[in-house]
Amino acid sequence: MRNTLARWLSVSLCLALVTVFAWGAWRQTAGFEVWTFEGRRQLQIAAGELRAPTVAMHHAFGERTLVWPAVPAAPTAHLVDFIYTRCPTVCRTLGSQYQQMQQQLQHDPTLAQVQLASISFDLAHDGRAELGQLARGLGADPARWSFAVPASDGDAN
């Protein structure tokens, strides 16, 4: 009798574990449709379930604080890079690439909804003045290319 009860408990426990594992796998793979985190992310984007959190940002052009991402009247695509104004190498090269993209975007009406955004996370050294100076040096058009820094340490995380 004791052996029968032990077997029954073992079988029940194994079935419960297999069921929980199968349910978890089904849930994580969206019904066994995707097998990577990238595939899952793409499904979430297509379903409108994946949204970037809003962040208060100090904008380089003017004395305003904006919330990013803003909700535009029309769909907008943002090409975002992360910069430091004190970075003389990679950041400058990327800035040069963004200059070229800005020129192409300005001349192609089919790309009117594409925006460039350069965001710094160096709150100690990159304020509005520093970002504005960098933006002017790169010839950034504020209507097409924004420079910003999170408004606080909490927004930077």
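Because the structure is a prediction, the values reported are computed rather than measured.

Analysis parameters
Residues numbered from 1 in each chain as written. Predicted model: local features only at pLDDT ≥ 70, side-chain atom pairs only at ≥ 80, totals over all residues. Heavy atoms only, no water. Helix = DSSP H or I, 4+ residues; strand = E, 2+ residues; numbered from the N terminus. Buried < 20%, exposed > 50% of the residue type's maximum accessible area, 1.4 Å probe, protein only. Contact = heavy atoms within 4.5 Å. Areas by Shrake-Rupley, 256 points an atom, 1.4 Å probe, with all protein chains shown as cover. Salt bridge = Lys/Arg side-chain N within 4 Å of Asp/Glu carboxyl O. Phe/Tyr/Trp six-rings, centres within 6.5 Å; stacked < 30°, edge-to-face > 60°.

**Some details on the overall build of the protein chain**
Secondary structure summary: the protein chain contains 5 helices and 5 strands in total. Across the 157 residues that make up the protein chain, the buried fraction comes to 25%. Taking the contacts inside the protein chain whose residues are at least 6 apart along the sequence as the reference set, 65% of them involve residues at least 24 apart. Roughly 10900 Å² of accessible area belongs to the protein chain as shown, and the carbon and sulfur atoms make up 61% of that amount.

**Describing the pattern of salt bridges**
The final tally for this structure, using the stated rule, is 2 salt bridges. Among the ionic pairs, Glu38 bridges to Arg41, the shortest N-O distance being 2.6 Å. Within this pair, Glu38 and its partner Arg41 are both found in helix α2 (residues 37–46), separated by 3 residues, close to a single helical turn. Accessibility expressed as a relative area gives 34% for Arg41, which makes it partly exposed. Linking Arg86 and Asp122 is a salt bridge whose minimum nitrogen-to-oxygen distance equals 3.7 Å. Placement of the pair is Arg86 in the loop between β3 (77–83) and α3 (90–106) and Asp122 in the loop between β4 (114–120) and α4 (128–138), with a sequence separation of 36 residues. Accessibility expressed as a relative area gives 57% for Arg86, which makes it exposed.

**Focus: unusual backbone geometry**
Positive phi, normally seen in glycine, also occurs at Phe32, with a value near 65°. With respect to the helices, strands and loops of the structure, Phe32 is situated in the loop between α1 (2–28) and α2. Residue Phe32 is classed as partly exposed on the basis of its relative accessible area of 42%.

**Considerations on the packing of aromatic side chains**
Enumeration according to the criterion identifies 4 aromatic pairs in this entry. Judged by centre distance (5.3 Å) and plane angle (35°), the ring pair of Phe82 and Phe121 falls under tilted. Placement of Phe82 in strand β3 and of Phe121 in the loop between β4 and α4 is noted, with a sequence separation of 39 residues between them. Seen from their ring centres, Tyr98 and Trp145 are 5.7 Å apart, and the 50° between their planes marks the pair as tilted. With a gap of 47 residues between them, Tyr98 in helix α3 and Trp145 in strand β5 (residues 145–150) connect regions that are remote in the sequence. Ring-pair connections join several aromatic residues into one group, and the members of that group are Tyr98, Trp145 and Phe147.

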